[in-house]
Amino acid sequence: EVPRRASELSPAAVITWAVQSLYLDQALPRGPLLQWLLQMLVGVRFTHIGLRSYLDNLPGVHAEPRAFKKFNFTVVLDEPPTGFKGFVS
């Protein structure tokens, strides 16, 4: 579901949308790429600690490996979006 107003957006909704968008673009959602995309979308540069905090509490999304340093992780959706055909290697 897409919010109608910016005031209805939550950080969790933006992060989830960004990860789904990367999936649909067949781009592996690595930490640095997600950080860059979020900065372009909302103008805020997430730290690895801040982003990890959101990822640990988002349903349907998790980071692999579970223990990582800085942005050395990949974000995984429990259920890929409709139309996802895999990542480009």
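Structure: above.
Residues numbered from 1 in each chain as written. Predicted model: local features only at pLDDT ≥ 70, side-chain atom pairs only at ≥ 80, totals over all residues. Heavy atoms only, no water.

(A) Highlighting the overall build of the chain. Helix and strand counts for the chain come out as three helices and two strands. Across the chain, helices and strands are ordered from the amino to the carboxyl terminus as α-α-α-β-β. Computed over the C-alpha atoms, the radius of gyration of the chain is 13 Å, within 12% of the 12 Å expected from 2.2 N^0.38 for a compact globule of 89 residues. Along the three orthogonal principal directions, the C-alpha set of the chain runs to about 35 × 30 × 25 Å. Averaging the positions of the 9 positive and the 7 negative side-chain charges in the chain gives two centres separated by 10 Å. (Helix = DSSP H or I, 4+ residues; strand = E, 2+ residues; numbered from the N terminus. Rg over C-alpha atoms; globule rule 2.2 N^0.38 Å. Lys, Arg positive; Asp, Glu negative; His and termini not counted. Charge placed at Lys NZ, Arg CZ, Asp CG, Glu CD.)

(B) Region of the structure containing the nonpolar core. With 21 residues, the main nonpolar core has Ile15, Leu34, Leu38, Leu51, Leu55 and Phe73 as its most contacted residues. Of all elements in the fold, only helix H1 (11-24), helix H2 (31-42), helix H3 (48-57), strand S1 (61-64) and strand S2 (74-77) reach the threshold of two or more residues within this core. Broken down by element, the residue count for this core peaks at six residues, all from H1. If near-sequence neighbours (up to four positions away) are discounted, Ile15 is found in contact with Leu38, Phe46, Leu51, Tyr54, Leu55 and Leu58. (Core = buried A, V, L, I, M, F, W, Y, C linked by side-chain atoms within 4.5 Å. Buried < 20%, exposed > 50% of the residue type's maximum accessible area, 1.4 Å probe, protein only. Contact = heavy atoms within 4.5 Å.)

(C) Looking closely at the packing of aromatic side chains. Evaluated as defined, the whole model comprises five aromatic pairs. Between Tyr23 and Phe87 the ring centres are 5.0 Å apart and the planes differ by 65 degrees, which places this aromatic pair in the edge-to-face class. Placement of the pair is Tyr23 in helix H1 and Phe87 in the segment after S2, with a sequence separation of 64 residues. Of the residues examined, Phe87 reaches a relative accessible area of 32% and is grouped as partly exposed. Chaining the aromatic ring pairs together yields one cluster made of Tyr23, Phe84 and Phe87. (Phe/Tyr/Trp six-rings, centres within 6.5 Å; stacked < 30°, edge-to-face > 60°.)

(D) Structural view of the packing of H1 against H2. Their axes nearest at 10 Å, the elements H1 and H2 cross at an angle of 120 degrees. With respect to each other, H1 and H2 are oriented oblique. When you trace H1 past H2, the crossing you get is right-handed. For the pair H1 and H2, contact is made by Val14, Ile15, Trp17, Ala18, Val19 and Leu22 and by Leu33, Leu34, Leu37, Leu38, Leu41 and Val42, respectively. Its residues placed into classes, the contact of H1 with H2 shows 12 nonpolar, no polar and no charged. (Axes fitted to C-alpha atoms, helices over the stretch in contact; angles between N-to-C directions. Parallel < 35°, antiparallel > 145°, perpendicular 65-115°, else oblique. Left-handed = near helix turned anticlockwise from the far one by under 90°. Nonpolar A, V, L, I, M, F, W, Y, C, P; charged D, E, K, R; others polar.)

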